[in-house]
Amino acid sequence: MEHEITLVVNGVARRVSVPARRLLSDCLRHDLGLTGTHVGCEHGVCGCCTVLLDGQPVRSCLTFAVTVDGRELTTVEGLAGPDRLSPVQRAFAECHGLQCGFCTPGFLCTVTALLAENPAPTEEEVLEGVSGNLCRCTGYQNIVKAVHRAAELLAEES
Amino acid sequence: MKPPPFEYHAPGDLGAALRTLAEVRGKVLAGGQSLIPMLNMRLTAPEYLVDINRVASLGGIDVTEAGVRVGALARHSEVERAGAHPLLTRALKLVAHPVIRNRGTVVGSLVHADPAAELPAVLAVLGGSVRVARWEGHTQVVRDVPAADFFTGPMESAVQPGELAVSAFFPALGFRTGDAFEEVARRHGDYALAGVCAVVTLDEEAYVTAAKVACIGVGPVPVVVDVSEASGHCPVHELDWAEVGRLVQSAVEPEDDIHASAAYRRHLVGVLAERALWKAAREGAAIRGA
Ligand SMILES: Cc1cc2nc3c(=O)[nH]c(=O)nc-3n(C[C@H](O)[C@H](O)[C@H](O)COP(=O)(O)OP(=O)(O)OC[C@H]3O[C@@H](n4cnc5c(N)ncnc54)[C@H](O)[C@@H]3O)c2cc1C
Ligand code: FES
Ligand code: FES
């Protein structure tokens, strides 16, 4: 049986018909064509499918689309401003916080929410904040640097 | 890695949820942080899923002098942020990662009853309880299940098909009481290989009046060991906590699995019990101002 749901994705209400078992990650990628959200493990371990649900980071591979009917989602496609990349995105580019980019959408969403809640995190808070996201190629040093740089950019621009 | 098909129900209030459960006896979906991985890996294939995420009355954290009552939809992160119970807050920081904690529920963790999960140990060591409801005839029937009866086996709780766990109660710590949670996991955020949480109460002379631990990862359910007697004969700073740790060690019967051998787990429990008890005792003494 199909369920008619509405998801407000990156500010746009999207109506879609899905079976109950459709994972939010698959709904975003296949039904809505937003392939920025990546899928690695589908059991909550790698973090690359992380999106923002009403501003809070969640695993889209561990959420059914039907459960979040009517809610607001932000995916990596919705992070940039109209003219340029978001401070978090720019910091990742500047600090070489990505290499192949597979894990990046999850890191960007996680870090965006982390800095919204805690604009000046300590080293330890950054490590804890990104501890649920795996990167297999960049290495975490530059990712952690990027988080601190993003905090600086956000402070400068606010 | 896709969930099998199921019939989906999303009741909007508690009565509807209980009636649906009574009728279809389906699986409850709370945070989904354990159930959905199991569905994705096809380890389970329920015919019906009853999603309780729209039942607003199941949210909330109620703090009284007696303790903290946590509703079935209170997420790990909410309860952690509320900081209403020191041992619960401490244990929550060890559960998975912050992003998982944004969805996972405290009550869901208890019902899921993973032998290596932290929150069942907290409920067990505190002697808390879980409130379980079902629909019978034309009315709602509620029962409170004490922690000692709640965990019935690995991944098995006292919640029966057709029932809903509506809240859990964590009794407050008394005066001059310290707590600690020590565990060893392969990676930060993983389920622990072994863990021990401890609650220690002192008297005015810094003698232990009550000391209890609950151990995880070393039995089918949290193993509660009361070591009050073994630790009450001298002031806490003179006690041989290693010996008390060995007592705890002798009370568990861990098993081998792919993550660790039984012998290693037994070793860990001794070390972690010593560490957790000593930390809890020191904290109890500090609260007392000694
Ligand atoms: C990567 C990862 C790492 C993790 N690490 C840890 C860890 O270190 N320690 C730890 O403790 N947990 C860990 N977890 C599990 C996490 O804590 C889960 O959130 C929790 O176990 C289940 O809560 P939930 O609300 O998500 O329940 P769900 O997944 O929705 O449900 C779990 C089970 O409980 C039942 N259930 C849930 N709520 C109710 C209810 N109110 N009434 C009746 N039945 C109910 C469901 O039917 C299902 O059988 C981890 C999960 C992931 C994905
Ligand atoms: S794909 Fe969701 S956590 Fe790996
Ligand atoms: S950039 Fe390649 S996995 Fe992280």
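Residues numbered from 1 in each chain as written. Chains lettered and ligands numbered in written order. Predicted model: local features only at pLDDT ≥ 70, side-chain atom pairs only at ≥ 80, totals over all residues. Heavy atoms only, no water.

## Thoughts on the domain arrangement of chain A
All names here are of chain A.
Stage number 1. In terms of domain boundaries, chain A breaks down into domain 1 (2–78) and domain 2 (87–157).
Stage number 2. Just the C-alpha atoms count here: the centres of domain 1 and domain 2 sit 22 Å apart.
Stage number 3. Taken together, the contact pairs 17 residues of domain 1 with 14 residues of domain 2.
Stage number 4. Linking domain 1 with domain 2 are zero salt bridges, by the criterion used here.
Stage number 5. Contributions of two or more residues to the side of domain 1 that touches domain 2 are made by strand S3 (50–53) and strand S4 (56–59).
Stage number 6. For the side of domain 1 that touches domain 2, the element with the most residues is S3, which contributes three residues. (Domains from an automatic or database assignment. Contact = heavy atoms within 4.5 Å. Salt bridge = Lys/Arg side-chain N within 4 Å of Asp/Glu carboxyl O. Helix = DSSP H or I, 4+ residues; strand = E, 2+ residues; numbered from the N terminus.)

## Here we look at the packing of helix H2 (residues 87–94) of chain A against helix H5 (residues 140–157) of chain A
Residues and elements named next belong to chain A.
Stage number 1. The interhelical angle for the contact between H2 and H5, taken along N-to-C directions, is 135°, at an axis separation of 8 Å. When the interaxial angle is binned, H2 and H5 end up oblique. Judged by the twist between their axes, the crossing of H2 over H5 is right-handed. Contact with H2, carried on its side by Pro87, Val88, Arg90, Ala91, Phe92 and Glu94, involves Ile143, Ala146, Arg149, Ala150, Leu153, Leu154 and Glu157 of H5 and no other residues of that element.
Stage number 2. Here the contact of H2 with H5 is built from residues that sort into nine nonpolar, no polar and four charged. (Axes fitted to C-alpha atoms, helices over the stretch in contact; angles between N-to-C directions. Parallel < 35°, antiparallel > 145°, perpendicular 65-115°, else oblique. Left-handed = near helix turned anticlockwise from the far one by under 90°. Nonpolar A, V, L, I, M, F, W, Y, C, P; charged D, E, K, R; others polar.)

## A few points about the pairing of strand S11 (residues 177–184) of chain B
Residues and elements named next belong to chain B.
Stage number 1. The buried fraction of S11 is high, at seven of eight residues.
Stage number 2. Taken together, the eight bridges between S11 and strand S12 (residues 194–202) define a ladder with antiparallel strand orientation. Residue pairing in the sheet places aspartate 179 in a bridge with valine 199 of S12. (Buried < 20%, exposed > 50% of the residue type's maximum accessible area, 1.4 Å probe, protein only. Pairing = 2+ DSSP bridges.)

## Concerning the side chain of glutamate 183 of chain B
Residue and element names in this part refer to chain B.
Stage number 1. Along the chain, glutamate 183 turns up in strand S11.
Stage number 2. Although buried, glutamate 183 forms no salt bridge, and the nearest oppositely charged side chain, arginine 101, lies 9.3 Å from it.
Stage number 3. In contact with glutamate 183, other than residues within four places in its own chain, are Leu94, Glu118, Asp190, Ala192, Ala194, Gly195, Ile216 and Leu272. (Lys, Arg positive; Asp, Glu negative; His and termini not counted.)

## Considering the packing of aromatic side chains
Stage number 1. What the rule picks out here adds up to two aromatic pairs over all chains.
Stage number 2. Above the ring of tryptophan 135 of chain B, the side-chain terminus of arginine 19 of chain B is found at 4.9 Å from the ring centroid. (Phe/Tyr/Trp six-rings, centres within 6.5 Å; stacked < 30°, edge-to-face > 60°. Lys NZ or Arg CZ within 6 Å of the ring centre and 35° of its normal.)

## Here we look at the nonpolar core
As a rule of thumb, soluble globular proteins bury nonpolar side chains together.
Stage number 1. Residues Leu7 and Phe64 of chain A together with Leu58, Leu110, Phe150 and Phe170 of chain B are the most contacted members of the largest nonpolar core, which totals 83 residues.
Stage number 2. In terms of residues, this core owes the most to one element, helix H7 (residues 118–126) of chain B, which gives six residues.
Stage number 3. Contact partners of phenylalanine 64 of chain A, with chain neighbours within four places excluded, come to Ala20, Arg21, Arg22, Leu23 and Leu24 of chain A together with Pro3, Phe6, Leu29, Ile36, Leu39 and Leu49 of chain B.
Stage number 4. Ranked by size, the runner-up nonpolar core spans 33 residues in total, among them Val196, Val208, Ala211 and Val218 of chain B. (Core = buried A, V, L, I, M, F, W, Y, C linked by side-chain atoms within 4.5 Å.)

## Comments concerning the site of ligand 1
Stage number 1. Taken together, the neighbourhood of ligand 1 is formed by 34 residues, with Val28, Gly32, Leu35, Thr105 and Glu118 of chain B sitting nearest.
Stage number 2. Lying at an intersection of chains, ligand 1 is approached by residues of chains A and B.
Stage number 3. Contact between ligand 1 and serine 34 of chain B: an oxygen atom at 2.8 Å from a side-chain N or O atom of the residue.
Stage number 4. Take glutamate 118 of chain B: an N or O atom from its side chain is 2.8 Å from a nitrogen atom of ligand 1.
Stage number 5. Considering ligand 1 on its own, with 960 Å² of exposed area, one finds that the protein chains cover 94% of that surface.
Stage number 6. In terms of residue count, the dominant contributor to the shell around ligand 1 is helix H6 (residues 106–112) of chain B (five residues).
Stage number 7. Here the residues of the shell around ligand 1 are counted per class, giving 18 nonpolar, 13 polar and three charged. (Near = heavy atom within 4 Å. Polar contact = N/O pair within 3.5 Å; in protein donor to acceptor, adjacent residues only side chain to side chain. Areas by Shrake-Rupley, 256 points an atom, 1.4 Å probe, with all protein chains shown as cover.)

## Focus: the packing of H2 of chain A against helix H3 (residues 104–117) of chain A
Residues and elements named next belong to chain A.
Stage number 1. Where H2 contacts H3, the axes come no closer than 9 Å and their chain directions differ by 125°. Between H2 and H3, the angle falls in the class oblique. The element H2 and its partner H3 pack so that their crossing is right-handed. Mapping the contact onto sequence places Val88, Gln89 and Phe92 in H2 and Phe107, Leu108, Val111, Thr112 and Leu115 in H3.

## Regarding H2 of chain A
All names here are of chain A.
Stage number 1. Counting buried positions along H2 gives six out of eight residues, so the element sits mostly inside the fold.
Stage number 2. For H2, every residue scored as buried is listed here: Pro87, Val88, Gln89, Arg90, Ala91 and Phe92.
Stage number 3. The inward-facing, buried residues of H2 abut H3 and H5.
Stage number 4. Of the residues one or two after H2, histidine 96 is the one with positive phi, at around 55°.

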